[in-house]
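# Tertiary structure, described
Residues per chain are reported as follows:
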Amino acid sequence: MDLTVWSWVFLAAYILMMVGFGVMGQRKVANADDFATARNAYGPLFLAFAFAATTASGATFVGFPGIGYNAGMAAIWSVFLYPIGVYLGVLLCLRLVSSSGNEFGSRSIPEYLGLRYQSDLIRILVSIFSLSLFFYLAGQLVSGIVMFEIMLGVPPAAALGITAAVLMVYVVLGGAHADILTDGVQGFIMVCVGLLVAVLFLMGYGIDGGFGGMLEQLRARDENLVGWLNSKDVLYHSWWSVLAILLAHIPLGMLPHIGNKLWALKEPRQRQSFIRMAFAFGMILGMLGLGGIMARVILGDDINGNQALALLFIELFPSWLAALLGVGILAAVMSTADGLVVSSSQIIANDLYRLSFVPRFRANLSEQEVERRVLNISRLSTVIIMVLC
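Turning our attention to the packing of helix H6 (residues 109–116) against helix H7 (residues 120–130). Where H6 meets H7, the closest approach of the two axes is 8 Å, and the angle between their N-to-C directions is 160 degrees. Judged on the interaxial angle alone, H7 and H6 are roughly antiparallel. Every pair of crossing elements has a handedness; the one defined by H6 and H7 is right-handed. Here H6 contributes Pro110, Glu111, Leu113 and Gly114 to the contact with H7, which in turn contributes Ile122, Arg123, Val126, Ser127 and Ser130. Here the contact of H6 with H7 is composed, by residue class, of four nonpolar, three polar and two charged.

Shown next, in the form of structure tokens:
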């Protein structure tokens, strides 16, 4: 079988698995809080895989290899500084958000901040600002097109439709439980691919002369491609720009779709082991950018950098293995997108409807009726958000 056929086989298996996890998640959802947070439901190892996958996003398989392809060895700064920055942000908010968020019963980061500072205005403002994450979600969906176009030969519009439909089905079914269940499995797949790429890079696999030969070929193309900095690249042209990479990633650890996963941890005493494992997995996922550097040598100077990792897999491996690794690209896209959808749906259902609209205009409703409506609005808003994005 050729690459396209293998890709369809693995895609079908992947979709069935994701929908299956959605059904499993649905069985765990008894109320709106379960849909929003999956509170105290998962152990540190599985949640660390899910957390790392959510943090990584499609940029790990598409953007970072593209940066490595364009900038050369200087891109290794991002391999380490990206996860360090993100997890510094996580550490800043871990203890406070995790413990007091559970104490407050918060279902979203905007609700937590509103309760923490006793301010409806802060909650509403953060909710509105969080809607800007729709653009981030749209970017994740576009990243999925890369896998479909290259490996399946599907037109962009159809690829976008398939990605969005699969995502919408399992999130509508299981909410945060479906998000974490799928992300945990996807995170494991992504970490395995990250380890593979790191080993291939250190071996200089498929390159005459191995790792040393790779450096020589990069130097022959452009001396800047093998330096600590790359004067021709905007991200690595100075030490200040390298520092900016670290600083720019710290706030990512505080984004709503990442922060709300802290409430799914079973026991507060498991926080340290959870964050250590999540950080280790995050470092491994950052190494996927190394594949872009290899692609510059193996594939030449004339490809789209965003396609570097997928094309490298196709060049180096048999069709079935390239197709299987290609599913990792889709997993990276889905693992961030589903978290964004869940957190965005809570902005509408929880922060704006339950906490802002109901007290003012539906104060006569019973708590049970409000919870029923919130759960329904959560699912409906998931569909609306996907269509908009």
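Another point: the side chain of Ser241. Within the element layout of this structure, Ser241 appears in helix H11 (residues 239–249). Take Ser241: its relative accessible area is 12%, and that puts it in the buried class. Once you skip the residues sitting within four places of it in the chain, Ser241 turns out to touch Val234, Leu235 and Tyr236.

Centre distance and the angle of the planes are the two values used to describe a pair of aromatic rings. Applying the stated criterion to the full structure yields 15 aromatic pairs. Arranged with centres 5.4 Å apart and planes meeting at 85 degrees, the rings of Trp77 and Trp239 form a pair that is edge-to-face. Note that Trp77 is positioned in helix H5 (residues 76–104) and Trp239 in helix H11, a separation of 162 residues in sequence. Taking relative accessible area as the criterion, Trp77 reaches 25% and is therefore assigned partly exposed. Look at Trp239 and you get exposed, because its relative accessible area is 51%. Aromatic rings pair up to connect Phe51, Tyr87, Phe274 and Phe279 into one cluster. Sitting over the ring of Tyr117, Arg116 keeps its end group 4.9 Å from the ring centre.

This part is about helix H10 (residues 210–221). In this model H10 runs 17 Å from its N-terminal to its C-terminal C-alpha over twelve residues, within 8% of the 16 Å that 1.5 Å per residue would give. All of the buried residues along H10 are Gly210, Gly213, Met214 and Leu218. Down the axis of H10, the smallest arc covering the buried residues is 135 degrees, so these residues share one side. Buried residues along H10 sit in contact with helix H9 (156–203) and helix H14 (290–299).

What follows is about the nonpolar core. Counting 100 residues, the largest nonpolar core has Phe61 and Leu167 as its most contacted members. It is H9 that provides the largest number of residues to this core, a total of 17 residues. Discounting residues that sit within four places of it in the chain, Leu167 has contacts with Leu141, Met334, Ala337, Asp338, Val341 and Met386. The next biggest cluster of nonpolar side chains, apart from the first, holds nine residues, and it includes Val29, Tyr353, Val370 and Leu375.

Take helix H4 (residues 63–71) next. Note that an α-helix has 3.6 residues per turn; residues three or four places apart therefore point the same way. All of the buried residues along H4 are Phe64, Pro65, Gly66, Gly68, Tyr69 and Ala71. Two residues or fewer past H4, Gly72 is found with a positive phi of approximately 80 degrees.

All right, on to a nonpolar patch on the surface then. A grouping of Phe80, Ile84, Leu88, Leu91 and Phe279 is seen on the molecular surface, where their side chains present a nonpolar patch of about 390 Å² in accessible area. Among the elements that line the nonpolar patch, the one with the most residues is H5, at four residues. When you line up the elements, Leu91 lands in helix H5. Given the relative accessible area of 46%, Leu91 is considered partly exposed.

Here we take up the environment of Ser127. With respect to the secondary-structure elements, Ser127 resides in helix H7. Distance in space between the C-alpha atoms of Ser127 and Asp351 is 6.8 Å, their sequence separation being 224 residues. Residues within four places of Ser127 in sequence aside, it is in contact with Pro110, Ile347, Asp351 and Leu352. Engagement of the side chain of Ser127 in a polar contact is seen with the backbone oxygen of Arg123, the distance being 2.7 Å.

Definitions and limits used
- Residues numbered from 1 in each chain as written.
- Predicted model: local features only at pLDDT ≥ 70, side-chain atom pairs only at ≥ 80, totals over all residues.
- Heavy atoms only, no water.
- Axes fitted to C-alpha atoms, helices over the stretch in contact; angles between N-to-C directions.
- Helix = DSSP H or I, 4+ residues; strand = E, 2+ residues; numbered from the N terminus.
- Parallel < 35°, antiparallel > 145°, perpendicular 65-115°, else oblique.
- Left-handed = near helix turned anticlockwise from the far one by under 90°.
- Contact = heavy atoms within 4.5 Å.
- Nonpolar A, V, L, I, M, F, W, Y, C, P; charged D, E, K, R; others polar.
- Buried < 20%, exposed > 50% of the residue type's maximum accessible area, 1.4 Å probe, protein only.
- Phe/Tyr/Trp six-rings, centres within 6.5 Å; stacked < 30°, edge-to-face > 60°.
- Lys NZ or Arg CZ within 6 Å of the ring centre and 35° of its normal.
- Expected span 1.5 Å × (residues − 1).
- Arc of directions from axis to C-beta.
- Core = buried A, V, L, I, M, F, W, Y, C linked by side-chain atoms within 4.5 Å.
- Patch = residues over 30% accessible without salt bridge, like charges linked within 9 Å, V, L, I, M, F, W, Y side chains within 5 Å.
- Areas by Shrake-Rupley, 256 points an atom, 1.4 Å probe, with all protein chains shown as cover.
- Salt bridge = Lys/Arg side-chain N within 4 Å of Asp/Glu carboxyl O.
- Polar contact = N/O pair within 3.5 Å; in protein donor to acceptor, adjacent residues only side chain to side chain.

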